[in-house]
Amino acid sequence: MTTSASSAPAAGRPEGPRPDDFLDVGALLDDEERLIRDTVRQFVANEVLPYVGDWFEEARVPRELFGALGRLGVLGMHLEGYGCAGSSATAYGLACMELEAGDSGIRSLVSVQGSLAMYAIHRWGSEEQKQAWLPRMAAGEAVGCFGLTEPDSGSDPGSMRMRAERDGGDWILNGTKMWITNGSIADVAVVWARTDDGVRGFLVPKGAPGFTAPEIHKKLSLRASVTSELVLDDVRLPDSARLPEATSLRGPLACLNEARYGIVWGAAGAARACFQSALDYSRTRIQFGKPIASFQLQQAKLAQMALEVNRATLLALHLGRMKDAGTLRPEHVSMGKLANVNAALEVARTARQVLGANGVTLEYPVIRHMNNLESVVTYEGTADVHALVIGAALTGIQAFR
Ligand code: TGC
Ligand code: FAD
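Structural notes, computed from the coordinates. What you are looking at is a predicted structure, and each value in this text was computed from that prediction instead of being measured.

**A few points about the packing of aromatic side chains**
Part 1: Counted by the stated rule, this structure contains five aromatic pairs.
Part 2: Between Tyr281 and Tyr364, the ring centres sit 5.6 Å apart and the planes meet at 90°, which makes this aromatic pair edge-to-face. Of this pair, Tyr281 sits in helix H7 (residues 250–284) while Tyr364 sits in the loop between helix H9 (330–354) and helix H10 (366–376); the two residues are 83 residues apart in sequence, bridging distant segments of the chain.
Part 3: Take Tyr364: its relative accessible area is 27%, and that puts it in the partly exposed class.
Part 4: It is Arg223 that lies over the ring of Phe56; its NZ or CZ is 6.0 Å from the centre.
Part 5: In this structure, Lys323 packs its charged tip against the face of Tyr261, placed 5.5 Å from the ring centre.

**A look at the packing of helix H5 (residues 104–124) against helix H6 (residues 127–138)**
Part 1: Interaxial distance between H5 and H6 falls to 9 Å at its minimum, and their mutual angle equals 160°. It follows from the interaxial angle that H5 and H6 lie roughly antiparallel. Crossing geometry of H5 relative to H6 is assigned as left-handed. Mapping the contact onto sequence places Gln113, Ala117, Met118, Ile121 and His122 in H5 and Gln129, Lys130, Trp133, Leu134, Met137 and Ala138 in H6.
Part 2: A breakdown of the residues in the contact of H5 with H6 according to their chemical character gives seven nonpolar, three polar and one charged.

**Re the site of ligand 1**
Part 1: As a structural note, the neighbourhood of ligand 1 is formed by 25 residues, with Ser108, Asn257, Arg260, Glu380 and Gly381 the closest of them.
Part 2: Measuring from an oxygen atom of ligand 1, one finds a side-chain N or O atom of Arg260 at 2.7 Å.
Part 3: Arg401 has a polar side-chain atom sitting 3.0 Å from an oxygen atom of ligand 1.
Part 4: Among the secondary structure elements, those contributing two or more residues to the shell around ligand 1 are H5 and H7.
Part 5: The element best represented in the shell around ligand 1 is H7, accounting for six residues.
Part 6: When its residues are assigned to classes, the shell around ligand 1 shows 11 nonpolar, nine polar and five charged.

About the criteria used
- Residues numbered from 1 in each chain as written.
- Chains lettered and ligands numbered in written order.
- Predicted model: local features only at pLDDT ≥ 70, side-chain atom pairs only at ≥ 80, totals over all residues.
- Heavy atoms only, no water.
- Phe/Tyr/Trp six-rings, centres within 6.5 Å; stacked < 30°, edge-to-face > 60°.
- Helix = DSSP H or I, 4+ residues; strand = E, 2+ residues; numbered from the N terminus.
- Buried < 20%, exposed > 50% of the residue type's maximum accessible area, 1.4 Å probe, protein only.
- Lys NZ or Arg CZ within 6 Å of the ring centre and 35° of its normal.
- Axes fitted to C-alpha atoms, helices over the stretch in contact; angles between N-to-C directions.
- Parallel < 35°, antiparallel > 145°, perpendicular 65-115°, else oblique.
- Left-handed = near helix turned anticlockwise from the far one by under 90°.
- Contact = heavy atoms within 4.5 Å.
- Nonpolar A, V, L, I, M, F, W, Y, C, P; charged D, E, K, R; others polar.
- Near = heavy atom within 4 Å.
- Polar contact = N/O pair within 3.5 Å; in protein donor to acceptor, adjacent residues only side chain to side chain.

Keep in mind these values describe shape, not function.
This is how it looks when you write it as structure tokens:
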């Protein structure tokens, strides 16, 4: 299925390990999982890779991609009912891996739509809210976003200032959310706000009076992804817009587990794409009369990158099996996100050097992935936050404050 030269066995070793799956992790998947992986990989090859360098350069993502991803069946694919496929966590993870091998921005689009916005409605919403939004979101007809972060409240969402106050049977919302993926193209924003009774979630429809979502420009990372502010100025909402089952900060944090899990897989995909690009390049780039792949220093880099890619993929699969077995805890997800995003960053930086000057252009995917991963290591909990979550689990001592 992979069109890259690096999917073929190394020359002269037809029986050897495949460079794109050295440890044969694919053999640990069942037929359905392999089918989903290969279908999404083909979609990325046809619908993403030929265009994503331009989207990144032009800082845009086509709106039609939502419909195409809906038809592919990956929007909320791990949710049950309401037009969602109800697939396993492992299958969803494999889809994230293939999407992020294309671009982190495309995986991000899918994560925010399915694991944050749709998951929040599915887990915490009323039956009416689910019926109203989930089928259209699964089809990519309606776009969702998830507003937790604020200008003064990032790693510490408990310090949020967005305020929701009762006014008769209604709520009045005031405040600003920041760095919100899909924000200015969203038909519905899941907005988390402080109330007299703790944190609550609200569904804010596009066009609600007092609600604007200006796009954030000048990003040098995740450029094939829309990022916005959400500004709420006396936005009046009926109580039916409140997610009735979310009653504390646990509401949004539970959603984060879902999206972070997808990133564990996605980072392995970005790393694989960078490694493959470096391997292909090193076999064909001639210096000192030989392919640079024949120099020991470059082979050491290739071996280390292959090791990181395979270790990240195995870790993702292990966490996927745990999630499907119901034994995955948030601390496990933190370990996966910390390990795999750091590994992907290392692979991307090494691959960029293997490509020499060509490594700094969008003609190759590597610097795009490298820059994207700077967002991935920051959003959904920074590397520091995940180290502290693991530290608290190991020691029993919370070191956040
Ligand atoms: P803390 O007192 O520990 O917890 C408050 C309540 O939440 C519960 N809880 C969790 N529940 C489910 N899953 C988790 N991972 C949970 N972590 C905590 C906790 O049990 C408690 O429940 P209850 O019922 O007792 O009220 O909260 P804290 O204020 O000390 O903060 C802990 C900390 C720092 C780990 C947390 O706030 C955190 O994760 N900070 C990072 C913020 C973050 O990740 N933001 C991401 C925003 S969304 C985004 O970036 C989208 S990017 C686009 C894309 O995904 O592609
Ligand atoms: P801060 O929390 O201010 O952190 C700054 C530095 O301080 C970091 O290095 C951090 O690790 C460190 N630090 C903070 N606290 C501690 C501590 N206790 N101990 C040690 N070090 C600490 N948010 C959403 O709600 N929805 C979205 O859709 C969304 N999409 C995003 C898309 C992009 C492209 C980006 C870049 C961000 C997005 N975010 C989104 C926001 C993201 O979740 C936050 O950027 C992230 O949670 C970190 O918050 P911050 O940027 O305010 O950094």
